[in-house]
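Listed here are the chains, written in short residue letters.
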Amino acid sequence: MTNYCFPPPAQTIVPIQGSDQVFPVRRILCVGRNYAAHRREMGGDDREPPFFFAKPADAIAPPGVNPAYPSATSNLHHEVELVVALGGGGADVPVGDALSLVFGYAVGVDLTRRDLQASARDKGQPWDSSKGFDQSAPISAIRCHLDRPPEGGIQLSVNGATRQNAALTDMIWNVPEIIAEASRLWRLAPGDLIYTGTPEGVGPLIRGDIVEAMVEGIADLAFNVV
Ligand code: MN
């Protein structure tokens, strides 16, 4: 038995719909600027392709956990996203094989310290503190056993008012393309989660806000910012 100097951290887990099994999280990859209208609202260039960044696995806020308003920001933003949960892995996966890696799908929110992100962007600094903070990755239970990626709507409301409402078919990179692209950069493995990018309509959250997020036919998620 390994002689740890202190108890190792708990494995981050996400529940699975209709199952008493849970999904163990390895890594969280995220796609930036994967919807043209969101790229425009962020002031991006129309020719700039999507890209990846990451959050630590322990940034997950599973269903039932209300994320705390984070320190060091006065402009916390919501970004509703389809999340792909991988049950398989590999490197240099062809687009045509990519869906065979999928375990299931969920709805997630990429919480963002927008003020720190803007400052980092201006200074050419990394995004870790604007994207990868504690409880920055709320996620629903995972829906599995789907043949194809969802193609319906994706929505987010705050205190009952719709803020984001788009179609998953508006993604610049679709799900197989995202998996194939990611596998060129990292050896993917079971337990990896990929947040696939947010549509337009991102905006601020304050303490006490009730956030409801939904991917049609997949999952919904509700939490309070505390
Ligand atoms: Mn995002």
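Because the structure is a prediction, the values reported are computed rather than measured. (Residues numbered from 1 in each chain as written. Predicted model: local features only at pLDDT ≥ 70, side-chain atom pairs only at ≥ 80, totals over all residues. Heavy atoms only, no water.)

Draft legend 1. Region of the structure containing the environment of V107. Mapped onto the secondary structure, V107 falls in strand 8 (residues 102–109). In this structure V107 comes out as buried when scored by relative accessible area, which is 0%. As for V107 and E81, which are separated by 26 residues in sequence, their C-alpha atoms are 6.0 Å apart. (Helix = DSSP H or I, 4+ residues; strand = E, 2+ residues; numbered from the N terminus. Buried < 20%, exposed > 50% of the residue type's maximum accessible area, 1.4 Å probe, protein only.)

Draft legend 2. Inspection of the pairing of strand 7 (residues 80–86) at higher detail. For strand 7, the tally of buried residues reaches seven of seven residues, placing the bulk of the element in the interior. The two faces of strand 7 match: V80, L82, V84 and L86 on one face and E81, V83 and A85 on the other face are all buried. Where strand 7 lies against strand 8, seven bridges are found, and the strand directions are antiparallel. For E81, the partnering residue across the bridge sits in strand 8 and is G108. Two strands pair when backbone bridges link them, and strand 7 and strand 14 (residues 193–195) are joined in this way by three bridges, in the antiparallel orientation. Within strand 14, the residue paired with V84 across the bridge is I194. (Pairing = 2+ DSSP bridges.)

Draft legend 3. Summary view of the coordination of the manganese ion. Protein coordination at the manganese ion comes from E79 (OE), E81 (OE) and D110 (OD), with a distance range of 2.0 to 2.2 Å. In the primary sequence, the donor residues of the manganese ion line up as E-x1-E-x28-D. Taken as a pair, E79 in the loop between strand 6 (76–78) and strand 7 and D110 in the loop between strand 8 and strand 9 (112–113) lie far apart in primary sequence, 31 residues in all. This pair shows no difference in class: E79 is buried, exactly as D110 is. (Donors = N, O, S within 2.8 Å, 3.2 Å for Na, K, Ca; no water.)

Draft legend 4. Molecular detail of the side chain of T112. Residue position: T112 is located in strand 9. Using a relative accessible area of 0% as the deciding quantity, one classes T112 as buried. One polar contact links T112 to K131, side chain to side chain, over a distance of 2.8 Å. The residues contacting T112, other than those within four sequence positions of it, are N75, L76, H77, E79, Q117, S130, K131 and F133. (Polar contact = N/O pair within 3.5 Å; in protein donor to acceptor, adjacent residues only side chain to side chain. Contact = heavy atoms within 4.5 Å.)

Draft legend 5. A look at the sheet that holds strand 16 (residues 210–215). Pairing is antiparallel in the open sheet, where four strands are placed in the order 13-12-16-17. Pairing within the sheet leaves two strands with one partner each, and these edge strands are strand 13 (161–167) and strand 17 (219–224). Neighbouring strand axes in the sheet, compared pairwise and without regard to direction, differ in orientation by 10° on average. Pairing of strand 16 with strand 17 involves six bridges; the strand directions are antiparallel. When the bridges of strand 17 are listed, I210 appears paired with N224. (Axes fitted to C-alpha atoms, helices over the stretch in contact; angles between N-to-C directions.)

Draft legend 6. Looking closely at the sheet that holds strand 7. Within the open sheet, the six strands sit side by side as 4-3-14-7-8-11. Their pairing is mixed. Two strands lie at the open edges of the sheet, namely strand 4 (51–55) and strand 11 (143–144), each paired on one side alone.

Draft legend 7. Quick peek at the pattern of salt bridges. With the rule as written, the count across this model stands at nine salt bridges. The residue R26 makes a salt bridge to D192 at a minimum N-O spacing of 2.7 Å. Here R26 is found in the loop between strand 2 (22–24) and strand 3 (28–32), whereas its partner D192 is found in the loop between helix 4 (175–185) and strand 14, with 166 residues between them in sequence. The partly exposed category is assigned to R26, whose relative accessible area is 34%. (Salt bridge = Lys/Arg side-chain N within 4 Å of Asp/Glu carboxyl O.)

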